[in-house]
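Here is how the chains run, residue by residue.
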Amino acid sequence: MSDHSEFIRYRIEFSQPIELEDFVQAFSSIGSEYERFIAGSHPDFRGDAKVFLRKIEEGSIVAELVAYSTTLLSSMGVSTASEFAKHLGGSLSNAIIGNLSGEKDSLPKKHLSDLRGMLEVVAKDPNGEGSLSVYRKIEDGSYSSEEILRYDTRDANKGVSNLDEAVRQLGNPSREKAEQVLMVFHQVNRNIGPLDKRSGDK
């Protein structure tokens, strides 16, 4: 992967063995989110995202994400790794702090599920930690790094709880919307006569 000018590194620190299902979900969620990001921001390059598991270290899992479209987009002055990392980091941060009003109203449930998948693998570990960083190649051939987000077990549990609530609300109209609907029905009913009277009856 040394031929890529930049890549995203997703790291999971854990103190207990990770369930295979959670492991797969965490990384497939990133791939799914990248595809959604490209489809929305650079639709001509959709389908080019590739996720590589570079190595597994003792006590942690490190994955490097590289998009084959990066080279083409870079020639256009676009950095997909940096864009996506900031986009994903922002979404995860919003989940952790509970700022999901825009996320749940305008984005599909699958997006919320993907964010949950990234957080849950850390939330289940009593002393887990996740981090998202961008690595960029510099002139001497080495890489500089920029950490976008770091979260621990407590943060991840908050995020999972907030996302679960957001998903529940997707299937239930808010009280405000329900009241608006009832108000409309009430206003309509006031303008018509009783059902057992013909029009014009007093």
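1. Looking at helix H3 (residues 80–97)
And step 1. In this model, H3 (18 residues) spans 25 Å end to end at C-alpha, consistent with the 26 Å of a helix rising 1.5 Å per residue.
And step 2. Burial in H3 covers these residues: Thr80, Ala81, Ser82, Phe84, Ala85, Leu88, Gly89, Ser91, Leu92, Ala95 and Ile96.

2. Re the packing of aromatic side chains
And step 1. Taken as a whole and assessed by the stated rule, the structure comprises seven aromatic pairs.
And step 2. Ring geometry for Tyr10 versus Phe27: centroids 5.4 Å apart, planes at 70°, classification edge-to-face. Placement of Tyr10 in strand S1 (residues 6–13) and of Phe27 in helix H1 (residues 20–41) is noted, with a sequence separation of 17 residues between them. Each member of the pair, Tyr10 as well as Phe27, is classed as buried.
And step 3. With 4.9 Å between their ring centres and 90° between their planes, Tyr34 and Phe84 make a pair best called edge-to-face. With Tyr34 in helix H1 and Phe84 in helix H3, this pair connects stretches of sequence that are 50 residues apart. When sorted by exposure, Tyr34 lands in the same class as Phe84, which is buried.

3. What about the pattern of salt bridges?
Side-chain pairs of opposite charge can arise where the charged atoms are in close proximity.
And step 1. The full count for this structure, using the stated rule, is 13 salt bridges.
And step 2. A salt bridge links Arg36 to Glu33; the shortest N-O distance between them is 2.3 Å. Note that Arg36 and Glu33 are positioned in helix H1 at a spacing of three residues, about one turn of the helix.
And step 3. With relative accessibility at 1%, the residue Glu33 sits in the buried group.
And step 4. Taking the relative accessible area as the measure of exposure, Arg36 reaches 26% and is therefore partly exposed.

4. Quick look at the packing of H3 against helix H6 (residues 153–170)
And step 1. Two numbers describe how H3 lies on H6: the axes approach to 6 Å, and their chain directions differ by 85°. In terms of orientation, H3 and H6 fall into the roughly perpendicular class. Across the interface between the two elements, Ala95, Ile96 and Ile97 from H3 touch Asp155, Lys158, Gly159, Asn162 and Leu163 from H6.
And step 2. When grouped by side-chain class, the residues that make up the contact of H3 with H6 number four nonpolar, two polar and two charged.

5. Some remarks on the nonpolar core
Inside soluble globular proteins, nonpolar side chains tend to come together where they are buried.
And step 1. Counting 35 residues, the largest nonpolar core has Tyr10, Phe27, Leu119 and Tyr151 as the members making the most contacts within it.
And step 2. If we ignore the near neighbours within four places in the chain, the residues touching Tyr151 are Tyr10, Ile96, Met118, Leu119, Val122, Gly128, Glu129, Gly130 and Ala156.

6. Focus: the confidence of the model for the protein
And step 1. Taken as a whole, the protein shows an average pLDDT of 77; of its residues, 67% reach a score of 70 or greater.
And step 2. Confidence, read as mean pLDDT per element, is least for helix H7 (residues 175–190) in the protein (39) and greatest for strand S5 (residues 143–152) (96).
And step 3. Across residues 174–199, confidence stays below pLDDT 50; counting only partners more than four residues off in sequence or on other chains, it has one contact.

7. Digging into the pairing of S5
And step 1. By the bridge criterion, nine bridges tie strand S4 (residues 129–137) to S5 in an arrangement that is antiparallel. Considered in S5, the bridge of Glu129 is made with Asp152.

8. Re the environment of Glu120
And step 1. Structurally, Glu120 is set in helix H5 (residues 109–123).
And step 2. Sequence separation between Glu120 and Val160 is 40 residues, and the spatial gap between their C-alpha atoms is 6.4 Å.
And step 3. Other than its neighbours up to four places away in sequence, Glu120 contacts Asp22 and Val160.

Each value, and the rule that gives it
Residues numbered from 1 in each chain as written. Predicted model: local features only at pLDDT ≥ 70, side-chain atom pairs only at ≥ 80, totals over all residues. Heavy atoms only, no water. Helix = DSSP H or I, 4+ residues; strand = E, 2+ residues; numbered from the N terminus. Expected span 1.5 Å × (residues − 1). Buried < 20%, exposed > 50% of the residue type's maximum accessible area, 1.4 Å probe, protein only. Phe/Tyr/Trp six-rings, centres within 6.5 Å; stacked < 30°, edge-to-face > 60°. Salt bridge = Lys/Arg side-chain N within 4 Å of Asp/Glu carboxyl O. Axes fitted to C-alpha atoms, helices over the stretch in contact; angles between N-to-C directions. Parallel < 35°, antiparallel > 145°, perpendicular 65-115°, else oblique. Contact = heavy atoms within 4.5 Å. Nonpolar A, V, L, I, M, F, W, Y, C, P; charged D, E, K, R; others polar. Core = buried A, V, L, I, M, F, W, Y, C linked by side-chain atoms within 4.5 Å. pLDDT = per-residue confidence, 0-100. Pairing = 2+ DSSP bridges.

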